[in-house]
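# Fold and contact review
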Amino acid sequence: MKFGLKKFFETFGLPLLSALLLSLSFPKFELQILIFFALVPLFFSLKDEKSPAQIFQKVIFFGVLHYVILLYWIVYTLIKYGQIPLPVSIFLLFLLSAYLSLYWVLFFLLLNFLNLLGHPTFWKGFLASLIFVSIEFLRSVLLTGFPWGLIGYPLTNFPTLLQIADLLGIWGLSLVVFIINYFFYFVFERVGNYQHLRKGFYLDLLFFGVLIGAFLIYGQGSFNLWKRTLETSREVLRVSLLQGNIPQELKEARETEISLKTYENLTLQSLKDFPDLIVYPETALPFYFPYEKEPSLKFLATLEKVKAYSEDLKISPPAIIFGTFRVSFEKNPPLVHNSLLVWNGKEIEDLYDKEKLVPFGEYVPLAQYFPFLKKISVVSDIIKPGISKNLQFKLKEKKMEVLPLICFESAFPQILVKRLKSGGDLVVIATNDAWFDKTSAPYQHFQMAIVRAVEGRRFVLQAANTGITGIIDPLGRVIKKSDLEREEIVSGEIKLLHKKTPFVKIGYLFPIFSLFVTFLWLITKIYAYFILKAKYFRSKSL
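Residues numbered from 1 in each chain as written. Predicted model: local features only at pLDDT ≥ 70, side-chain atom pairs only at ≥ 80, totals over all residues. Heavy atoms only, no water.

## Examining the overall build of the chain
For clarity, the threshold we go by: Elements are defined by DSSP. Helices are runs of H or I of four residues or more, strands are runs of E of two residues or more, and each kind is numbered from the N terminus. Residue burial is assigned from relative accessible area. The probe radius is 1.4 Å, only protein chains are included, and a residue is buried under 20% of its type maximum, exposed over 50%, and partly exposed in between. Working rule for contacts: check all heavy atoms of both residues, and any pair within 4.5 Å makes them a contact. Using a 1.4 Å probe, the Shrake-Rupley method yields the accessible areas, and only the shown protein chains count as cover for residues. Residues counted as positive are Lys and Arg, residues counted as negative are Asp and Glu, and His and the chain ends are not counted. By convention, the charge on Lys lies at NZ, on Arg at CZ, on Asp at CG and on Glu at CD.
Scanning the chain from N- to C-terminus turns up 16 helices and 13 strands. Each principal axis of the C-alpha atoms in the chain carries an extent, and together these give about 95 × 55 × 45 Å. Going through the 542 residues of the chain one by one, you find that 56% of them count as buried. Sequence-distant contacts in the chain: of pairs separated by 6 or more residues, those separated by 24 or more amount to 71%. A total of about 23600 Å² of accessible surface is found on the chain, and carbon and sulfur atoms cover 67% of it. Each charge class in the chain can be summarised by its mean position, and for the 59 positive and 44 negative side chains these summaries are 11 Å apart.

## Considerations on a nonpolar patch on the surface
Defined as follows: Patch membership is restricted to residues that have no salt bridge and whose relative accessible area is over 30%. Joining uses 9 Å for like charges and 5 Å for the nonpolar side chains Val, Leu, Ile, Met, Phe, Trp and Tyr. Salt bridges are counted wherever a side-chain nitrogen of Lys or Arg sits within 4 Å of a carboxyl oxygen of Asp or Glu.
Where nonpolar side chains cluster on the molecular surface, the patch consists of Phe113, Phe519, Ile523, Ile526, Tyr529 and Phe530 and spans about 590 Å² of accessible area. As for its placement among the helices and strands, Phe113 is situated in helix α5 (residues 86-114). Taking the relative accessible area as the measure of exposure, Phe113 reaches 37% and is therefore partly exposed.

## Description of the side chain of Asp433
Threshold: Contacts described as polar in this section are N or O atom pairs within 3.5 Å, which, within protein, must combine one atom able to donate a hydrogen with one able to accept it, while residues neighboring in sequence count only if both atoms come from side chains.
Its place among the elements puts Asp433 in the loop between β9 (426-431) and α14 (441-456). The buried charged residue Asp433 lacks any salt bridge, with Lys354 as its nearest oppositely charged partner at 8.8 Å. Of note is the side chain of Asp433, whose polar atom sits 3.0 Å from the side chain of Thr431. Here the side chain of Asp433 touches His445 through a polar contact of 3.0 Å, side chain to side chain. Discounting residues that sit within four places of it in the chain, Asp433 has contacts with Pro442, His445, Thr466 and Gly467.

## Topic: the pattern of salt bridges
On inspection of all chains with the given rule, the structure shows 21 salt bridges. Salt-bridge contacts for Glu294 lead to Lys298; the nearest nitrogen and oxygen are separated by 3.5 Å. Residue Glu294 and its partner Lys298 are both found in helix α12 (residues 293-312); the two are separated by four residues, about one turn of the helix. Assessed through its relative accessible area of 55%, Glu294 is described here as exposed. We classify Lys298 as partly exposed; its relative accessible area is 31%. Here Arg419 and Glu355 are joined by a salt bridge, their closest N and O atoms 2.6 Å apart. Here Arg419 is found in helix α13 (residues 413-422), whereas its partner Glu355 is found in the loop between β6 (348-353) and β7 (391-395), with 64 residues between them in sequence. Residue classification places Arg419 among the buried residues on the basis of a relative accessible area of 3%.

## Topic: the environment of Asn157
As for its placement among the helices and strands, Asn157 is situated in the loop between α6 (122-141) and α7 (159-162). Measuring from C-alpha to C-alpha, the distance between Asn157 and Leu17 comes to 22 Å, with 140 residues separating the pair along the chain. If near-sequence neighbours (up to four positions away) are discounted, Asn157 is found in contact with Glu30 and Gln32. Here the side chain of Asn157 touches Gln32 through a polar contact of 3.4 Å, side chain to side chain.

## A closer look at unusual backbone geometry
Phe289 connects to Pro290 through a cis peptide bond whose omega is 0°. Summarising the element assignment, Pro290 is placed in the loop between β3 (285-288) and α12. Across the junction of Gly467 and Ile468, the peptide omega takes the value 5°, indicating a cis bond. At Arg457, a position not held by glycine, the phi torsion is positive, near 50°. One can find Arg457 in the loop between α14 and β10 (460-464). On the basis of relative accessible area, Arg457 is assigned to the buried category, the value being 0%. At Glu485, a position not held by glycine, the phi torsion is positive, near 55°. Considering the arrangement of structural elements, one finds Glu485 in the loop between β12 (478-481) and β13 (488-495).

## Observations regarding the side chain of Asp276
Position of Asp276 among the secondary structure elements: in the loop between α11 (256-270) and β2 (277-279). Once residues lying within four places of it in the same chain are set aside, the contact partners of Asp276 are Leu237, Arg238, Pro318, Ala319, Leu395 and Lys396.

## A closer look at the nonpolar core
Operational definition: We call a set of buried residues a nonpolar core when its members are Ala, Val, Leu, Ile, Met, Phe, Trp, Tyr or Cys and they connect through side-chain atoms within 4.5 Å of each other.
Formed by 140 residues in total, the largest nonpolar core has its most connected members in Leu71, Trp104, Phe108 and Leu461. The biggest single contributor to this core is helix α8 (residues 165-192), with 14 residues. Listed in part, the 19 residues of the second largest apolar core include Leu266, Leu285, Phe299 and Trp343.

## What to know about the environment of Val236
Its place among the elements puts Val236 in strand β1 (residues 236-243). Taking the C-alpha atoms as reference points, Val236 and Phe188, 48 residues apart in sequence, are found 51 Å from one another. Setting aside its immediate chain neighbours within four residues, Val236 contacts Lys396, Glu493, Ile494 and Lys495.

## Brief notes about α8
Convention followed: Multiplying one less than the number of residues by 1.5 Å gives the expected span of a helix. Think of it this way: the bend at a residue is just the angle between two axes, each fitted to seven residues, one set ending at that residue and the other starting at it.
Its 28 residues place the ends of α8 only 34 Å apart at the C-alpha level, less than the 40 Å of an ideal helix rising 1.5 Å per residue. In the structure, α8 departs most strongly from a straight axis at Trp171, where the bend amounts to approximately 75°. For α8, a buried count of 21 out of 28 residues is recorded, marking the element as mostly surrounded by other parts of the structure.

## Overview of the packing of α6 against helix α9 (residues 201-232)
Selection criterion: Here, axes are lines fitted to C-alpha atoms. For helices the fit covers the stretch in contact, and angles between N-to-C directions go from 0 to 180 degrees. By the definition adopted for this analysis, an angle is roughly parallel if under 35 degrees, roughly antiparallel if over 145, roughly perpendicular if from 65 to 115, and oblique otherwise. By the convention adopted, Pro, Cys, Tyr, Trp, Phe, Met, Ile, Leu, Val and Ala count as nonpolar, Lys, Arg, Asp and Glu as charged, and the other residues, Gly among them, as polar.
Remark: α6 packs on α9, axes separated minimally by 9 Å, with the N-to-C direction vectors making an angle of 40°. Taken together, α6 and α9 sit at an angle that is classed as oblique. Of the residues in α9, those touching α6 at Phe122, Trp123 and Phe126 are Asp204, Phe207, Phe208 and Leu211. Of the residues assigned to the contact of α6 with α9, the class counts are six nonpolar, no polar and one charged.

## So, the pairing of β10
Counted only if it meets this: Two strands are said to pair when DSSP picks up at least two bridges between them. By definition, the crossover connecting two strands over a helix is right-handed if that path, from the first strand to the second, turns clockwise as seen with the strands pointing away from the viewer.
Of all five residues making up β10, five are buried, and the element is well covered by its neighbours. The alternating pattern of β10 places Val460, Gln462 and Ala464 on one face and Leu461 and Ala463 on the opposite face, and all of these are buried. As defined by bridge partners, β9 adjoins β10 across five bridges and the pair is classed as parallel. When the bridges of β10 are listed, Val428 appears paired with Leu461. Crossover handedness for the path β9 to α14 to β10: right-handed. Both β10 and strand β11 (residues 470-472) contribute to a ladder of three bridges, which runs antiparallel. Looking at β11, one finds that Leu461 is bridged to Ile471. Between β10 and the antiparallel strand that follows it, β11, lie five residues; Gly467 among them carries a positive phi value of about 105°.

Set out below in structure tokens:
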């Protein structure tokens, strides 16, 4: 009976505990401290496991439970806006969770094959952390990529460790989290079995201490350096971010009059804060600008009011970045884009089309082969990628370059790096998170924006239809932010920085390096395995 309970606890109890601890580390639970030992129970559950089937069973249970808790809001969105029945929505959530869990299964199968959990040491932990980064990177790029909920994101609540993102990005944060988890596992496992008395324990302990200490020293040094850079910067810009709080039901019904009136009122109100730049959310103007004549003319009339009111206030008209739909006629049939356009106070000067579309939200993957997939999409399959580049326009008689990201794109550091390599004075994220109401999704989304700010050392302005709208400085500090589901104007001063971070220059290659190390080590172990097997059979034949 005792053996049965112990086996049940190891198979389900410990993975359950890890899944709960990991899930509680993410918003809205606000228990980020748990991230530092969330994986330890799972390590103990798997440390003596040799059967691949048992590893699969334990890890898939852990992974599915974690992702169901983390992504529960998918069910809410599918039911409310996709009109998909509850049983089907739950099934789809479990299907996605199972797919994401397969990356964890692959990771722990590799650890088992390479024997990186048995008799833990510093070097085993370091190699395991590189493999983990490789697996997270694969999840971020394969099958269009889904980098939501990477384990480094909870470090947004730990300012010193967060600064490592300017060196190695989100991948470096995940490395730190994994190393600390493995350190606790190393201590509990070795001390619990009295192996700390053996040779090598204290040397490993020293190596762990040096590495974690290096993380802290680099983080604090980088924080201080960029804080001084920020304080000495003289390029100041006043910004206003508009949160119209238009319910998704109205946007879906194409109630353009409500949107136009709301954003006209907010824009004119924001002029009292004397902004140089005003930012609207994604698709704040839910029509095809400028091809739908009536609403387009009404918005152009709003821009004329902005110019007139600016003259009354004796200020220059601000630049306005606004989200809308755009039609391009370069191909036949014409293409529809989810776009940001910029008005420089006189005319529409530049545009940007979203390049990373949301699967089953803006397009249906493999729809040409499996037409039934269109039935589980929240919106119709009409949005296409288009012109993707930084926005360039004149502001205060100077050339301004803004790095734009729309919605889901802010989850991808690869896009940030690609754009910052060509320039960019600040990052603007325009999003519509009305799909998720007051679930944890808007909080998880905003958490990613914090990491993007540190990776690029730029101010990040996030304008969201229903929230969270906010201003984040290059140190990852939230200067101002809105509440959810309230009509608000978030105004403040920002500074423009131009220096490229180590992450933008070369640090983005870190996960590729980790993937190379993983592959090399795996090939070496496979080669050694077959060499030993060949020697064994030769000795038997003799």
